[in-house]
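Per-entry structural report
One-letter residues, chain by chain:
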Amino acid sequence: MTGDSTRGVASRAAIRGHPLHPALVPFPIAFLVGALLSDVAFWQTADPFWARASLWLVGAGLVGGVLAASLGLIDFLSIRRARGFDGWVHFLGNTAVLTLALISFLLRRPDPPAAVLPWGIVLSLLSAGLLTVTGWLGGELAYRHGIGVAISPEEGNRRGE
């Protein structure tokens with residue numbers, strides 16, 4: 001990471017100093033991990049309710065993830081410090097998660113119960129695994145590298161970060 005990482009840099013996608021990206025990311029994470037859990041429930045019970053639940057959870061995770069990613073992209077492109085190794089892995093990993101979610105949603109849409117085994121659950125496992133890594137790195141970006149840490153926007157702009 002470049003710049004003085006001992007001081008925070010304000011998010012460029014914020015309302016009154018509150019960064020929006022970290023406020024939104026819990027939703028797609030919960031939806032996509034929930035899809036894995038409902039896939040497992042379908043696998044164990046064969047109840048089509050769980051397959052339909054997975055379809056809706058993947059769809060909600062995809063929509064929420066695109067919204068959260070759009071706000072994260074603003075910071076990624078506008079804050080130099082965000083484009084270090086951790087930032088690139090976070091960005092590319094979450095792009096892969098959204099791609100997997102899109103594939104999963106399209107696969108499930110015509111016939112949710114038929115899509116769960118094996119590919120639906122495989123895609124859910126891959127997504128949850130990637131989210132573990134990218135979520136950790138998102139925390140690193142915020143807590144170790146100070147990206148989106150609440151400082152005045154004027155101070156961040158003066159420092160050019």
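Everything discussed here concerns the structure shown above.
Here goes a summary of the coordinates provided. Remember, it's a predicted structure, so these values are computed and weren't measured experimentally.

Let us now look at the overall build of the protein chain. In terms of regular secondary structure, the protein chain is built from six helices and two strands. In sequence order, the protein chain lays out its α and β elements as β-β-α-α-α-α-α-α. For the protein chain, with 161 residues in total, the buried portion stands at 42%. Here the analysis covers contacts within the protein chain between residues at least 6 apart in sequence; of these, 78% occur between residues at least 24 apart.

Time to look at the side chain of serine 124. Note on placement: serine 124 falls in helix 5 (residues 112-144). Ignoring any residue separated from it by four or fewer positions in sequence, one finds serine 124 in contact with Ala35, Leu36, Asp39 and Arg108.

Inspection of the entire model under this criterion finds four aromatic pairs. Judged by centre distance (4.9 Å) and plane angle (75°), the rings of phenylalanine 49 and tryptophan 50 are edge-to-face. Between tryptophan 88 and phenylalanine 91, the ring centres sit 5.7 Å apart and the planes meet at 85°, which makes this aromatic pair edge-to-face. With tryptophan 88 and phenylalanine 91 both in helix 4 (residues 85-108), this residue pair falls three residues apart, about one helical turn. In this structure phenylalanine 91 comes out as partly exposed when scored by relative accessible area, which is 28%.

Right, let's get into empty space enclosed by the protein. Tallied over the entire structure, the rule returns one cavity of 30 Å³ or more. Looking at the largest cavity, its volume works out to about 40 Å³. For the largest cavity, the full set of lining residues is Leu32, Ala35, Val58, Leu100, Ala101, Ser104, Leu123, Ser124 and Ser127. Listing elements by their share of the lining of the largest cavity, those giving two or more residues are helix 2 (26-45), helix 4 and helix 5. Within the lining of the largest cavity, the residues separate by chemical class into six nonpolar, three polar and no charged.

With that out of the way, let us pick up the packing of helix 3 (residues 48-78) against helix 4. In the contact formed by helix 3 and helix 4, the axes pass within 9 Å of each other and the chain directions differ by 150°. The angle between helix 3 and helix 4 places the two elements in the roughly antiparallel class. The handedness of the crossing between helix 3 and helix 4 comes out as left-handed. Across from Ser54, Leu55, Val58, Gly59, Leu62, Gly65, Val66, Ala69, Leu73 and Phe76 in helix 3, the residues of helix 4 making contact are Gly87, Trp88, Phe91, Leu98, Ala101, Leu102, Ser104, Phe105 and Arg108. Here the contact of helix 3 with helix 4 is composed, by residue class, of 13 nonpolar, five polar and one charged.

Cut-offs applied
- Residues numbered from 1 in each chain as written.
- Predicted model: local features only at pLDDT ≥ 70, side-chain atom pairs only at ≥ 80, totals over all residues.
- Heavy atoms only, no water.
- Helix = DSSP H or I, 4+ residues; strand = E, 2+ residues; numbered from the N terminus.
- Buried < 20%, exposed > 50% of the residue type's maximum accessible area, 1.4 Å probe, protein only.
- Contact = heavy atoms within 4.5 Å.
- Phe/Tyr/Trp six-rings, centres within 6.5 Å; stacked < 30°, edge-to-face > 60°.
- 1 Å grid on protein atoms, 1.4 Å probe; cavity = no way out; pocket = protein on both sides within 12 Å on 5 of 7 lines; lining within 4 Å.
- Points joined across faces, edges and corners; volume = space filled by probe spheres on them.
- Nonpolar A, V, L, I, M, F, W, Y, C, P; charged D, E, K, R; others polar.
- Axes fitted to C-alpha atoms, helices over the stretch in contact; angles between N-to-C directions.
- Parallel < 35°, antiparallel > 145°, perpendicular 65-115°, else oblique.
- Left-handed = near helix turned anticlockwise from the far one by under 90°.

Everything listed here is a matter of geometry and, on its own, says nothing about what the molecule does.
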